[in-house]
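Breakdown of the fold
Each chain is listed here by its residues.
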Amino acid sequence: MLQKKKRLAIPIMTHPGIELCGNTVLEAVTDGKVHADAICALNEAFPADAVTAIMDLTVEAEAFGAEVRFSENEIPNIIGRLVTDFDSAASLEIPSLEAGRVQEYLKANRIVASRIKDKKIFGGCIGPFSLAGRLFDLSELMMAMYVEPETVTMLLDKCTAFITKYVQAMKETGIGGVILAEPASGLVSNDDCYAYSSVYVRKIVDAVQDAGFSVVLHNCGNTGHCTDAMIRSGASALHFGNRADMVEALRQCPADLPVMGNIDPVGIMQQATPERVHAAVTELLERTSGYDNFILSSGCDVPPHTPVDNIKAFYQALAEYNEKD
């Protein structure tokens, strides 16, 4: 990437592929083959420089035993709390990879790796702090960081152990990386983001990342205040949400660290006109033109019901920018 003048694009986008295949979100998040078919269909329809799995941040919590609410055409949601205090955290067992829907997501990765050979494939996984927030309740977790930190660190150790095991299994499917989503860590200070997120992300990175497998750290909660903590995670690339100033993020990051973002997935990709999408992408590309380590992306997972014409406008703006340069 750093050696090419062409600007790359890797939006976090799978849901439009589900619709291209005529399936529902419910079918895709519960059936690995449907999920894989959606990724491959989208890859055939649009020229992304890498492909991504669905950003489903309920899979890992469900494996621990959390209750999930499913709907036909919306992403799943966690219901209630699984951990409430030190004792419930201490008794929480690290699940096997047979729990919940984990095997369906590994199946999707395996199928895509067997079909797509010419570009990098990214699986998806929640980060340890965000997973702990789903098990403990995020507001309660943030309070516990100050009144019972030993409960939080115990829970984070268990979340990290499971995520590491899960990502290692992803790696064995033949994919080339994982997008590790830590949106909740953007709600705390830089110091707390480092202590309660990046330190644990670093353990995952050290266990799985190598020349053939990349960890991309995604934090759409970061408004610019915890970029330093993200850098210190050791992830091979950073992914920013649309709340961040992309140019400021690039200024803070090393020039040899790939930095990805950050077209608004809802306000622009899903809800705007194709003309507005084209203008937003063009503006972002021009603003970041001085940074060779920038990769165009969405700010988060592109949601269901995103118009195909808007996706075309995204790639058309990219093509015109690359032709101009």
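Look up: the structure comes first, before these words.
Residues numbered from 1 in each chain as written. Predicted model: local features only at pLDDT ≥ 70, side-chain atom pairs only at ≥ 80, totals over all residues. Heavy atoms only, no water.

Quick look at the pairing of strand β4 (residues 120–126)
Across a regular strand the side chains alternate sides, sitting on one face of the sheet and then on the other. Summarising burial for β4: 6 of the 7 residues are buried, a large majority. Two strands pair when backbone bridges link them, and strand β1 (residues 50–52) and β4 are joined in this way by 3 bridges, in the parallel orientation. Bridge pairing in β4 places V51 opposite I121. Across 5 bridges, β4 lies against strand β5 (residues 177–181) in parallel orientation. Bridge pairing in β5 places F122 opposite G177. (Buried < 20%, exposed > 50% of the residue type's maximum accessible area, 1.4 Å probe, protein only. Helix = DSSP H or I, 4+ residues; strand = E, 2+ residues; numbered from the N terminus. Pairing = 2+ DSSP bridges.)

Details of the packing of aromatic side chains
With the rule as written, the count across this model stands at 4 aromatic pairs. Plain terms: the ring middles of F46 and Y315 are 5.8 Å apart, the flat faces sit at 15 degrees to each other, and that makes the pair stacked. Here the residue F46 occupies a position in the loop between α3 (32–45) and β1, and Y315 occupies one in helix α15 (residues 308–324), the gap between them amounting to 269 residues. The buried category is assigned to F46, whose relative accessible area is 10%. (Phe/Tyr/Trp six-rings, centres within 6.5 Å; stacked < 30°, edge-to-face > 60°.)

Comments concerning empty space enclosed by the protein
For the coordinates displayed, the defined rule picks out 3 cavities of 30 Å³ or more. Estimated volume of the largest cavity: approximately 100 Å³. In terms of lining, the largest cavity is formed by P11, M13, I39, L42, N43, F46, A48, A50, V51, T52 and Y315. Those elements giving two or more residues to the lining of the largest cavity turn out to be α3 and β1. What the second largest cavity holds in volume is close to 50 Å³. (1 Å grid on protein atoms, 1.4 Å probe; cavity = no way out; pocket = protein on both sides within 12 Å on 5 of 7 lines; lining within 4 Å. Points joined across faces, edges and corners; volume = space filled by probe spheres on them.)

Quick look at the pairing of strand β8 (residues 259–263)
Counted residue by residue, β8 has 5 buried out of 5 residues, so it is predominantly covered. Of the pairings in the sheet, the one linking strand β7 (residues 237–240) to β8 comprises 2 bridges and is parallel in character. Pairing of H239 across the sheet is with M260, part of β8. This β-α-β element, β7 to helix α12 (residues 246–252) to β8, shows right-handed connectivity. As defined by bridge partners, β8 adjoins strand β9 (residues 294–298) across 5 bridges and the pair is classed as parallel. Bridge assignment links G261 to a residue of β9, and that residue is L296. (Right-handed = clockwise from strand over helix to strand, strands pointing away.)

Focus: the pattern of salt bridges
One pass over the structure, following the stated rule, counts 12 salt bridges. Between D157 and K203 there is a salt bridge, with the nearest N and O atoms lying 3.8 Å from each other. Residue D157 is found in helix α9 (residues 149–172), and its partner K203 is found in helix α10 (residues 190–208); the two are separated by 46 residues along the sequence. Looking at D157, the relative accessible area reads 40%, which means it is partly exposed. (Salt bridge = Lys/Arg side-chain N within 4 Å of Asp/Glu carboxyl O.)

Structural notes on the packing of α9 against α10
Two numbers describe how α9 lies on α10: the axes approach to 9 Å, and their chain directions differ by 30 degrees. Judged by the angle between their axes, α9 and α10 are roughly parallel. The way α9 lies across α10 gives a crossing that is right-handed. Only Y196, Y200, K203, I204, A207 and V208 of α10 make contact with α9, whose side of the interface consists of P149, V152, T153, L156, D157, T160, I163, T164, V167, Q168 and K171. Per-class residue counts for the contact of α9 with α10 are 10 nonpolar, 4 polar and 3 charged. (Axes fitted to C-alpha atoms, helices over the stretch in contact; angles between N-to-C directions. Parallel < 35°, antiparallel > 145°, perpendicular 65-115°, else oblique. Left-handed = near helix turned anticlockwise from the far one by under 90°. Contact = heavy atoms within 4.5 Å. Nonpolar A, V, L, I, M, F, W, Y, C, P; charged D, E, K, R; others polar.)

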